[in-house]
Amino acid sequence: MAGRGRNPVSTPAARVVRTVCSPNCSGTCGVNAHVRDGRILKIEPADFPDPRYRRICLKGMAMAMQRVTHPDRLRHPLRRVGARGEGRFERISWDEAFDHLAAELTRIAARHGQRANAWTTMTGNYGVRAVMAPNRIANCLEGTWFTYVGLMGDLGCAMGFLPTLGVFATGHEWEDLVGARLIVIFARNVADTAHSEMHFLFDALEAGARLVVVDPRYSRTATKADQWVSPRPGTDAALILGMLNVILDAGLHDADYLLHHTNAPFLVREDTGALLRMRDLTPVGDARFVVCDSTGGETCPVDEAGAPRLSADITVQIADGRRVRCRSAFAIMREAWAAYTPQRAAGICEVPAAVIRDLAREYATTQPAAIWLGQGAQRYRHGHLAFRAATTLAAVCGNIGRRHAGVSWSDGAMLRVFFNVPGDWLEPGGRRAHTLPGTRMLETIARGEPYTVKSLWLAGYGFGTQSPNFDRFVREALPKLELFAVTEQVMTPAAQYADIVLPCVSYYEDDLDVVPSAENLYVQLRRRAIAPIGESKNDWDIFAGVCERVGRGEDWRQSAEESCRQILEQSGDPAVRALDWDSLARDGVARLDLPRPHVPFADQRFPTESGRVELYTERLREFGQAVLVHAEPLESNRAARACEFPLTLMTSHPMHTVHSQHTNLAWIRELLPGPRLEMHPRDAGERGIRDGDPVSVWNDRGRVEVRVTLTEAVRPGMLNLPQGWWPRDFAHGHYNDLSHLTPNPVQDAILETNFPVWDVLVQVARAGAPAGGRHGIGTEPAIRHGRQT
């Protein structure tokens, strides 16, 4: 009813902004934000060229509706006035913040050299400008750039693919699952960690695929499988080696594929373990690889062989006159893998030998068969071997480069864009930072080796909850830093220790950025929906403000659109360069210029030295990994250390939070009220622990107190504590206090050590339990440097 004597007031229509939700969940969902009076009223899925990618989830809704205006949002620059970690700060202006940072960076550079100023980041924001800006300022000021993928704990994936396929990542599109007759998923809980893609898996099952999930946990994805295979944590490579043994013994391998598309027929020198090249045979020879030709029984370059032999064992005369025994890589691999009988493999991975035999035969005889991998398989010291093993299995059966088959982890648009950012944009004026492994950051700062680092600036990194040994960082590295700056949206555990805390915008407040997806081949434009909260700024503008004061302002005067266009139009990847800016700006989304369906290696060309799948990796021979092997986790539950700490601790990704980004939001707390440790009833019974009890989890590095949930979804001998929680969520400590980051020389030879997140042994007891009991269970020992919240 109209108001009496008053004109009715109409509510203005909401403005709809197509933007992108882009935390580190890899979904990068396009969203329509409905905005009125500077506030987001609601969000809904945005249109996509392919409606199968039109989606949204609770995390995204909570991010838009609760985190953007959360009471904890930082709204002004802050400067520390108390001791580090005390949490006492004063509000300052941006001019004061920029002046202070510029003065400190200049002072440190003058005293210790430019590389004494360091930056790093993480994947809290998938916008290219946001992710790359810290690297860009490190280059601009010729400081130090600490790499972050090893710290992320996902680098084992790349180190399994690089030696064999020559690529950092590979994967079929999700829609390619439909058409597979067999799908084997290793340690990937799609239902929780890629739930927006789960419908593709359901479509494949409805089309007749059989699903096998290999995972120590009975995950929500495993509940949908036809078969669940539960190996001992960190032993996926042993399971696959048992499968390879069965396949080769039964003659089920694809000999033609191995001959023509892998280096299996290449000859290997017994004296050095190196691949035989023509230059070894004659002083005028070249670097071509050598095979044994079945036609005449002689050696020849691989490109001249009429019928190369897969199994070869011959003696050749090399250029210096010596005679050297050489065998084909296939013969060497077959001999090495003969030791991994189903019985021996079963003894390692604790999967019954009959299951290994049956799965091997099923995979080798079912076409097409797809392997999909998750990061969980590589979260151990030798986790790269799991990815290498899966790649080897696919190659031995000829499944690489085929539709509905292959070996897949991640081959979306994201890495193609990130790894091919134009150098002129990333390295202004050709200036370049000194690059050091992020996994050695703590030791570098604490010890001053290989050189002194006196300042560290973090952006987009929940360092206090997601890093290994944050407690050690506070004790050993932080005192050596003269400047510790953090760019954040909320006062995180790491920000509490900062000298300067700078408020950063959310996705909905950033002006413009390019957002490529890790899960599909689409690139989107993220546009500003609302004005920045308080005085918050984006990463680009923050770094620009500092650079203006140190004489590098000209490097940061590009507009957001100019940056985005340069990133795409000058990309090193032709599929990215081919994107039409006007169409992308109009629609907000575009697919990379790649065939559809996109089948990696369909042309059987590989960016390796040989141009083939390299099953034999000569550069790893000094580490005993020229051919695929199994290596036990550093903290294996069969190691001597397990006498004191017998339980393997996993920290899986829960469905409703991306690491620590969502756990402080009310809607998320309704579903995830607090952390819970998952424990098998048998292990609990041995310790007198009941469901819901508060327990202490400890080792000689730290201790955390948490309540327990008893479940048969975890194996006996292992625990799972879904991660993302802050120290304040625990009665004592934090689960990352239990972790370690031990250098791995094999991985350093490939790229760098990967943070082995799940390679952790612990003991558990009821909180405050009396001493005694089996396994020495009782009151946990005092942890000398344990963190109390």
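These notes cover the structure that comes with them. (Residues numbered from 1 in each chain as written. Predicted model: local features only at pLDDT ≥ 70, side-chain atom pairs only at ≥ 80, totals over all residues. Heavy atoms only, no water.)

1. Focus: empty space enclosed by the protein
What counts is decided by this rule: Using a grid of 1 Å spacing that covers the protein atoms alone, one calls a set of points a cavity when a 1.4 Å probe fits there but cannot get out, and a pocket when the set is open and has protein on both sides within 12 Å along at least five of seven lines; lining residues are those with an atom within 4 Å of a point. Grid points are joined across faces, edges and corners, and a volume is the space filled by probe spheres set on the points. For helices the rule is a DSSP run of H or I covering at least 4 residues; for strands it is a run of E covering at least 2, with both sets numbered from the N terminus onward.
All told, the structure shown has nine cavities of 30 Å³ or more when counted by the stated rule. Computed from the structure, the largest cavity encloses a volume of approximately 120 Å³. Along the wall of the largest cavity there are 13 residues; nearest its centre are Leu-151, Thr-439, Leu-442, Pro-468 and Leu-741. If you list the elements that add at least two residues to the lining of the largest cavity, you get α17 (441-447) and α19 (470-477). Per element, the largest residue contribution to the lining of the largest cavity is three residues, and it comes from α17.

2. A short note on the sheet that holds strand β11 (residues 267-269)
For clarity, the threshold we go by: Paired strands, as defined in this entry, are two strands with at least two bridges between them according to DSSP. The axes used here are C-alpha line fits, helices contributing only the stretch in contact, and every angle between their N-to-C directions lies in the interval 0 to 180 degrees. In this analysis, two residues are considered to be in contact whenever any of their non-hydrogen atoms come within 4.5 Å of each other.
Pairing is antiparallel in the open sheet, where three strands are placed in the order β11-β15-β14. Of all strands in the sheet, those with a lone pairing partner are β11 and β14 (313-317), marking the two edges. In this sheet, adjacent strand axes meet at a mean angle of 40 degrees when their direction is disregarded. Pairing of β11 with strand β15 (residues 323-328), which is carried by three bridges, proceeds in the antiparallel orientation. In the strand pairing of β15, Arg-269 is matched with Cys-326. With respect to the sheet, helix α11 (residues 329-337) is in contact with β11 and β15, its orientation differing from that of β15 by roughly 70 degrees.

3. Comments concerning the side chain of Lys-454
Short version of the rule: The buried label goes to any residue with under 20% of its type's maximum accessible area, the exposed label to any with over 50%, and the partly exposed label to all in between, with areas taken from a 1.4 Å probe on protein chains only. In this tally Asp and Glu are treated as negative and Lys and Arg as positive; neither His nor the chain ends contributes. A side-chain nitrogen of Lys or Arg and a carboxyl oxygen of Asp or Glu constitute a salt bridge if their distance falls within 4 Å.
Looking at where Lys-454 falls in the secondary structure, it is placed in the loop between α17 and β19 (455-459). Buried charge without a salt bridge: Lys-454, with Glu-482 as the nearest opposite-charge side chain at an N-O distance of 4.4 Å. For Lys-454, the residues in contact, after removing those within four places along its chain, are Ile-108, His-112, Ala-116, Lys-480, Leu-481, Glu-482 and Leu-483.

4. Here's the deal with helix α13 (residues 353-365)
Worth spelling out the cut-off: In this analysis, the expected span of each helix is defined as 1.5 Å times one less than the number of residues it contains.
The end-to-end C-alpha distance of α13, which contains 13 residues, comes to 18 Å, matching closely the 18 Å that a straight helix rising 1.5 Å per residue would cover. Ala-353, Ile-356, Leu-359, Ala-360, Glu-362, Tyr-363 and Ala-364 are the residues of α13 that are buried. Here the buried face of α13 lies against β8 (182-186), β9 (210-214), α8 (236-249), α12 (342-349), β16 (369-373) and α14 (384-396).

5. Side note on the side chain of Thr-608
Here Thr-608 lies in the loop between β24 (589-591) and β25 (647-650). For Thr-608, a relative accessible area of 14% puts it in the buried group. When near neighbours in sequence (up to four residues on either side) are disregarded, Thr-608 contacts Thr-164, Leu-165, Gly-166 and Glu-614.

6. Side note on the sheet that holds β25
Within the closed barrel, the six strands sit side by side as β25-β29-β26-β28-β27-β30. Their pairing is mixed. Between one strand axis and the next, the sheet turns through 45 degrees on average, direction left out of account.

7. A short note on the nonpolar core
Applied cut-off: To form a nonpolar core, buried Ala, Val, Leu, Ile, Met, Phe, Trp, Tyr and Cys residues must be joined to one another through side-chain atoms within 4.5 Å.
In terms of nonpolar packing, the biggest core is built from 180 residues, with Leu-456, Trp-457, Phe-473 and Phe-484 touching the most fellow members. Per element, the largest residue contribution to this core is 10 residues, and it comes from α8. Among residues more than four places away in sequence, those in contact with Phe-484 are Arg-84, Leu-456, Leu-458, Phe-473, Leu-478, Ala-494, Tyr-497, Ala-498, Asp-499 and Ile-500.

8. Re the packing of aromatic side chains
Formally: The rule is short: rings of Phe, Tyr and Trp, with Trp giving its six-membered ring, pair when the centres are within 6.5 Å, and they are stacked under 30 degrees, edge-to-face over 60, tilted in between.
This model, assessed by the stated rule, comprises 26 aromatic pairs. Arranged with centres 4.8 Å apart and planes meeting at 85 degrees, the rings of Phe-168 and Phe-419 form a pair that is edge-to-face. Of this pair, Phe-168 sits in the loop between α5 (155-165) and β8 while Phe-419 is found in the loop between α15 (413-418) and α16 (423-426), placing the two residues 251 residues apart along the sequence. The class for Phe-419 is partly exposed, based on a relative accessible area of 47%. The interplanar angle of 50 degrees and the centroid separation of 4.8 Å between the aromatic rings of Tyr-218 and Trp-228 together place this pair among those described as tilted. Separated by 10 residues along the polypeptide, Tyr-218 in the loop between β9 and β10 (227-229) and Trp-228 in strand β10 bring together distant segments of the chain. Judged by relative accessible area, which is 36%, Tyr-218 ranks as partly exposed.

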